[in-house]
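Structure assessment
Each chain, letter by letter, is given below.
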Amino acid sequence: MDFLKFKQLVASEAQKLGINEYELYYQAAESISISAFQKEINKFSSALDGGVCLRCLVNGKMGYASTEALSEQEASALLRRAADNAAVLESEEEEFLTEGGATYQKVSTNQQPLPGAECLKEKVLAGQEALYAADSRVKDGSTGQIFAEKMHLAIHNSKGLDLSYENTLVGYMAGAVVGDQGEMVNDYEMRVAPLEEIDISEVANEAVKNAVSKLGAGVAPTSNMPVVFAPSAMKQLLGTYSGVFSAENALKGLTLLKGKEGQKIAADCVTLVDDPFYPQSPMPMPFDAEGTPTHCKNIIQNGVLNTLLYNCKTARAAGKENTGNAAKAGYDSKVSVRPFTMYLTPGKCTEAELLEKVENGIYITDLGGLHAGANTISGDFSLQSSGFLIENGKKTVPVRSFTVAGNFFQLLNGIQEIASEMEMKGATGSTAFLSPAVWVEGLSIAGK
Amino acid sequence: MIAREICERVLQKAVSTGADYAEIFAENTLDHAINLVGGRVDSVHDALIAGAAVRVFRGLRSVMATTVDTSEAGLMKCAASAAEALGQGTAEIDICLKERLFGDIHPIKIVPASVANKTKVELLKSGCAAAAEYSDSIVQVTGTLLDVDHNILIATSEGLYAQDRQIRTRMSISAIAEVNGETQTGGCRPGARMGLEFFERVDPKAVGVHAAKQAVTMAGAGYCPAGIMPVAIGNGFGGVIFHEACGHSLEATSVAYNRSQFCGKLGLQIANEKVTAIDDGTIPGDWGSINFDDEGTPAKRNVLIEKGVLKSYMIDKMGGRRMGMESTGNARRQSYAYTPTSRMTNTFLAPGNETQEEIISSIEYGLYAKDMGGGSVNPVTGEFNFAVNEGYIIRNGKICEPVRGASLVGKGSEVLQRIDMVSDNLECGQGMCGSSSGSIPTNVGQPMIRVSSITVGGR
């Protein structure tokens with residue numbers, strides 16, 4: 001059954017049950033993914049998925065239920081389950097649905113049809129050729145994966161909201177394993193862009209280059225020293241701690257930034273932006289998960305916390321302006337808050353100039369175990385890292401198997417300077433994190 | 001879920017272009033979770049996951065197509081697209097399915113889906129209230145009561161037609177404590193492959209108190225020092241060290257593709273002789289247990305390492321083809337939407353002869369990692385990390401002050417050699433493990449162990 005028909009069924013069932021205020025959030029996709037191992041295709045998958053999440057107001061409480069089975073029976077069951085769930089809710093904040101009729105910014109999305117399997121196979125095999133040709137130290141275990149997804153999103157509610165969004169995402173990832181004198185290391189590189197814009201061999205070469213640069217790594221010394229987070233590491237850190245800027249977390253007492261709007265929380269050079277229309281984003285969004293029109297905003301401006309990120313409920317509860325950041329982790333999830341493209345505004349000096357100023361320290365390219373080693377409540381982190389030593393203003397020998405420890409809130413204040421180069425490479429959805437290289441004073445390194 | 005006759009027709013379509021193996025995996029799952037914030041029910045998550053995947057093999061190639069349309073027409077379309085993607089050829093297999101009953105070693109007394117929200121809310125509230133009342137320093141408590149009713153059907157070209165119902169229940173409570181302006185967290189997340197009778201075994205109040213106590217202890221703690229030192233890792237969830245340092249690197253997911261430091265090491269000494277490690281999917285009622293895996297292979301007890309010698313990998317069907325070995329009953333997937341691959345079930349270090357006291361008193365200066373958080377590993381290099389949620393300094397063989405913010409990092413092959421003391425108090429903890437086939441429930445476990453030296457990330 002298609003969504004249109006299901007929508008009508010729900011409408012008539014809702015009427016029977018006396019449920020007057022409800023919303024249907026529909027997400028479906030057709031996708032294809034092809035992987036290669038050695039110089040052959042080893043895995044192919046295609047998927048047709050889709051599901052509907054219903055939320056409805058019963059006695060002022062917003063109940064949720066979702067289903068992947070779009071049938072007559074489910075239309076009624078879905079409403080009953082959601083109403084049942086609403087009956088036990090006790091949160092005090094007022095919940096409401098978005099009125100229809102707002103105007104939305106036009107965004108440009110990829111409206112091409114899903115690329116054909118044959119064409120994708122050729123690309124991923126060409127990637128394998130490029131991987132093996134890039135360096136004689138490339139080993140089996142190096143893989144390539146190409147994926148394409150045509151997605152459809154729709155939000156429909158009883159207050160006249162009827163929104164639809166379609167986009168096609170195509171991505172290629174090259175994973176290189178290189179070995180030398182018994183040592184094996186790996187790295188990967190990824191691009192998401194319309195197929196014709198992805199330079200397969202460039203991505204494969206980049207992956208091999210990344211991996212080769214890690215060969216022969218030593219262990220960093222245990223000490224307290226200046227750290228430069230590479231764009232790849234800083235975006236991981238931003239992504240992990242992005243929840244501290246959520247008004248939903250503030251409402252629940254789960255972020256230390258609660259009540260800090262208007263206060264200085266970071267160094268002067270820090271301006272943190274959330275932009276739903278970031279030019280290179282593969283998924284610019286004109287509306288958020290509640291159907292509110294989106295806009296670009298500075299979260300931190302010159303070190304001052306300008307605003308947290310809000311949705312309908314949290315904005316009303318806090319008496320603030322809704323920033324249009326309602327989001328769902330999956331179509332079946334509760335509406336929460338999330339950024340779109342969140343980035344640190346680039347500074348003036350190049351990364352090379354920044355390293356010269358640092359003189360001696362450590363350049364971190366990868367962080368590991370962020371889901372465990374970073375506490376988003378206290379801000380404390382202790383994370384597995386790899387990167388390079390900075391000696392006399394230059395990146396020198398690779399180092400790994402060490403940890404970097406600090407506190408995110410202290411780190412924001414300890415930022416000395418932000419470099420000028422920033423590039424979006426592998427974002428796969430509407431939420432992405434982006435940063436130039438960032439120089440931070442005095443973090444603890446545990447190594448040898 | 002899907003009639004045997006329909007499965008036969010769908011599989012016949014799937015092998016029509018010359019596949020040497022075909023499989024249908026269909027699923028109907030009710031995912032239910034009640035979330036409490038600050039003593040009040042904040043949300044209820046309630047999702048029906050329903051769909052099917054058709055997978056075909058030819059040699060070392062695999063193709064999978066998935067769909068949410070589980071009507072016969074939808075499944076036939078799905079099978080046709082898998083067959084087409086495999087290439088050209090003609091059918092070489094005649095499909096004839098026979099139903100098999102594996103039996104269920106996990107009897108469920110109280111099916112969660114048959115219990116009203118209200119009862120579940122009361123259970124969760126009693127746990128969260130116990131956390132909130134534990135101390136004046138507790139400033140926030142959040143809790144989740146999760147129950148999953150996972151119904152699966154597997155039909156394969158080998159003739160298997162089988163169904164299983166996997167029910168799991170878990171309570172997670174997190175507490176935040178503030179002591180002298182320092183905020184820290186504590187948590188406790190027990191779960192089992194059981195229904196709501198789980199709470200006859202586990203007292204929700206004890207879950208809350210455990211979380212609160214940890215938060216209060218940690219809020220009063222100083223930072224963990226950095227450096228290389230001996231570490232005593234506590235029993236239970238401490239087993240995450242083996243899960244990350246070794247477990248993932250023994251999965252065909254990495255071994256079959258030359259992406260593991262343990263490739264070609266069967267029969268060799270890869271760990272200290274005190275180390276015996278087991279993956280056992282057959283433990284009744286345990287969080288990571290299964291009757292049969294997601295490819296229809298019965299669950300087994302596999303000794304992975306015996307007295308330091310590598311005895312077995314964990315293998316799925318496709319990994320087995322590449323390695324020239326049989327499946328070990330470890331193929332798992334989060335849902336029909338993920339391609340199954342080899343994964344852990346209940347993985348633990350076997351108990352040794354030493355006592356906890358002997359381990360602690362053997363350390364002059366080091367860290368006692370009492371409770372662990374999650375971690376991750378890169379199987380290619382063997383480099384792993386995991387977080388210490390509750391740690392204490394050991395001085396002169398005595399457990400001293402608590403320390404916060406520590407993580408442990410190392411290389412699996414090296415750390416396995418340095419596990420030089422193993423105590424006798426085996427316990428398991430519950431986790432969700434993420435890999436290419438999604439997020440699945442796994443148990444980790446161990447008795448207390450000593451790692452003679454490891455890098456402690458502190459400050």
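Since we're looking at a predicted model, the values are computed, not measured.

**Structural notes on the overall build of chain B**
Summing up its helical and strand segments, chain B has 10 helices and 24 strands in all. Against the 2.2 N^0.38 benchmark of 23 Å for 459 residues, chain B shows a C-alpha radius of gyration of 23 Å, consistent with a compact globule. For chain B, the spread of C-alpha atoms along the principal axes amounts to about 70 × 55 × 35 Å. Expressed as a percentage of its 459 residues, the buried residues of chain B come to 63%. If you take every contact in chain B between residues at least 6 apart in sequence, the share linking residues at least 24 apart comes to 75%. Total accessible area on chain B is roughly 15,600 Å²; 49% of this is exposed by carbon and sulfur atoms. Charge-centre separation for chain B: the mean point of 43 positive side chains lies 2 Å from the mean point of 51 negative side chains.

**Digging into the overall build of chain A**
Counting secondary structure elements, chain A contains 10 helices and 19 strands. Taking the principal axes of the C-alpha coordinates as reference, chain A spans close to 75 × 55 × 35 Å. Counting the 448 residues in chain A, one finds 59% classified as buried. Considering only contacts in chain A between residues 6 or more positions apart, those separated by 24 or more positions represent 72%. For chain A, the accessible area works out to roughly 17,000 Å², and carbon and sulfur atoms hold 48% of it.

**Some points on the interface of chain A and chain B**
Of the residues lining the interface, 69 residues belong to chain A; the matching set on chain B comes to 68 residues. Between chain A and chain B the total buried area reaches about 5,300 Å² when both faces are included, carbon and sulfur atoms providing 49% of it. Across the contact surface, chain A and chain B share eight salt bridges. Taken together, the connections running from chain A to chain B amount to 40 residue pairs in polar contact (both at pLDDT 80 or more). Of all the secondary-structure elements, those providing two or more residues to the side of chain A that touches chain B are β2 (40–58), β3 (61–67), α2 (72–86), β6 (183–192), α9 (370–373), β15 (380–391), β16 (394–407) and β19 (438–446) of chain A. Tallying contributions element by element places β2(A) first for the side of chain A that touches chain B, with 10 residues. The residue makeup of the side of chain A that touches chain B, split by class, is 21 nonpolar, 30 polar and 18 charged. One ladder, built from two bridges, connects β3(A) with strand β2 (residues 40–58) of chain B; its direction is parallel. Each bridged residue has a counterpart across the sheet, and for A:T67 the counterpart in β2(B) is B:L48.

**Focus: the sheet that holds strand β11 (residues 277–280) of chain B**
Residues and elements named next belong to chain B. The six strands lie next to each other as β13-β12-β11-β16-β23-β22, forming an open sheet whose pairing is mixed. Bordering the open sheet on either side are β13 (309–310) and β22 (427–435), each of which pairs with just one other strand. Across the sheet, helix α6 (residues 240–247) touches β11, β12 (301–306), β16 (346–349), β22 and β23 (438–446), and the angle it forms with β23 is around 115 degrees.

**As for the environment of A:A29**
Residue and element names in this part refer to chain A. Examined against the element boundaries, A29 turns out to sit in strand β1 (residues 22–37). Note on A29: relative accessible area 9%, which makes it buried. For the pair A29 and H152, spaced 123 residues apart in sequence, the C-alpha separation works out to 6.0 Å. What A29 contacts, discounting residues up to four positions off in sequence, is A47, L48, D49, E149, K150 and M151.

**Let's talk about the packing of aromatic side chains**
The full count for this structure, using the stated rule, is 12 aromatic pairs over all chains. One aromatic cluster is present, formed by A:Y104, A:Y165 and A:F287 through successive ring pairs. The ring of B:Y223 carries the charged tip of B:R404 above its face, separated from the ring centre by 4.6 Å.

**Brief notes about the pairing of β23(B)**
Residues and elements named next belong to chain B. In terms of residue burial, β23 counts as a mostly covered element, since eight of its nine residues are buried. Bridge count for β16 against β23 is three bridges, and the pairing is parallel. Directly across from F348, in β23, lies its bridge partner G445. Two elements, β22 and β23, share nine bridges in a ladder whose sense is antiparallel. By the bridge assignment for β23, E427 is matched with Q446.

**A closer look at the packing of helix α3 (residues 117–134) of chain B against helix α5 (residues 204–219) of chain B**
Residues and elements named next belong to chain B. Contact pair α3 / α5: the axes reach a minimum separation of 7 Å and the direction vectors enclose 30 degrees. By the angle between their directions, the pair α3 and α5 is classed as roughly parallel. Two packed elements cross with a definite hand, and for α3 against α5 that hand is right-handed. Contact residues: α3 offers L123, S126, G127, A130, A131 and Y134, while α5 offers P204, K205, G208, V209, A212, K213 and V216. By residue class, the composition of the contact of α3 with α5 is eight nonpolar, three polar and two charged.

**Examining the nonpolar core**
Grouped together as the largest cluster of nonpolar side chains are 54 residues, with contacts concentrated most on A:I146, A:Y172, B:C7, B:V54, B:V56 and B:A155. Counting residues in each nonpolar core, the second largest holds 53 residues, with B:C224, B:L310, B:V403 and B:I419 among its members.

**Here's the deal with helix α3 (residues 117–134) of chain A**
Across its 18 residues, α3(A) extends 26 Å between first and last C-alpha, which sits within 8% of the 26 Å expected from 1.5 Å per residue. Within α3(A), the full set of buried residues consists of A:L120, A:K121, A:V124, A:G127, A:Q128, A:A130 and A:L131.

**As for the domain arrangement of chain A**
All names here are of chain A. Considered domain by domain, chain A is made up of domain 1 (3–212) and domain 2 (223–446). Counting residues at the interface gives 40 residues for domain 1, matched by 30 residues for domain 2. A buried area of about 2,900 Å², summed over both sides, lies between domain 1 and domain 2, and 63% of it is on carbon and sulfur atoms. Considering only the surface of domain 1 that becomes buried against domain 2, E93, F96 and Y165 emerge as the three largest contributors, covering 17% of it. The tally of links from domain 1 across to domain 2 stands at four salt bridges. With a shortest N-O distance of 3.9 Å, R55 and E290 are connected by a salt bridge. Summed over the shared surface of domain 1 and domain 2, the number is 10 residue pairs in polar contact (both at pLDDT 80 or more). Elements with a minimum of two residues in the side of domain 1 that touches domain 2: β1, β2, β3, β4 (143–157), β5 (162–180) and β6. Of the residues forming the side of domain 1 that touches domain 2, the biggest block, seven residues, is contributed by β6.

About the cut-offs
Residues numbered from 1 in each chain as written. Chains lettered and ligands numbered in written order. Predicted model: local features only at pLDDT ≥ 70, side-chain atom pairs only at ≥ 80, totals over all residues. Heavy atoms only, no water. Helix = DSSP H or I, 4+ residues; strand = E, 2+ residues; numbered from the N terminus. Rg over C-alpha atoms; globule rule 2.2 N^0.38 Å. Buried < 20%, exposed > 50% of the residue type's maximum accessible area, 1.4 Å probe, protein only. Contact = heavy atoms within 4.5 Å. Areas by Shrake-Rupley, 256 points an atom, 1.4 Å probe, with all protein chains shown as cover. Lys, Arg positive; Asp, Glu negative; His and termini not counted. Charge placed at Lys NZ, Arg CZ, Asp CG, Glu CD. Buried area = accessible area lost by both parts, 1.4 Å probe. Salt bridge = Lys/Arg side-chain N within 4 Å of Asp/Glu carboxyl O. Polar contact = N/O pair within 3.5 Å; in protein donor to acceptor, adjacent residues only side chain to side chain. Nonpolar A, V, L, I, M, F, W, Y, C, P; charged D, E, K, R; others polar. Pairing = 2+ DSSP bridges. Axes fitted to C-alpha atoms, helices over the stretch in contact; angles between N-to-C directions. Phe/Tyr/Trp six-rings, centres within 6.5 Å; stacked < 30°, edge-to-face > 60°. Lys NZ or Arg CZ within 6 Å of the ring centre and 35° of its normal. Parallel < 35°, antiparallel > 145°, perpendicular 65-115°, else oblique. Left-handed = near helix turned anticlockwise from the far one by under 90°. Core = buried A, V, L, I, M, F, W, Y, C linked by side-chain atoms within 4.5 Å. Expected span 1.5 Å × (residues − 1). Domains from an automatic or database assignment.

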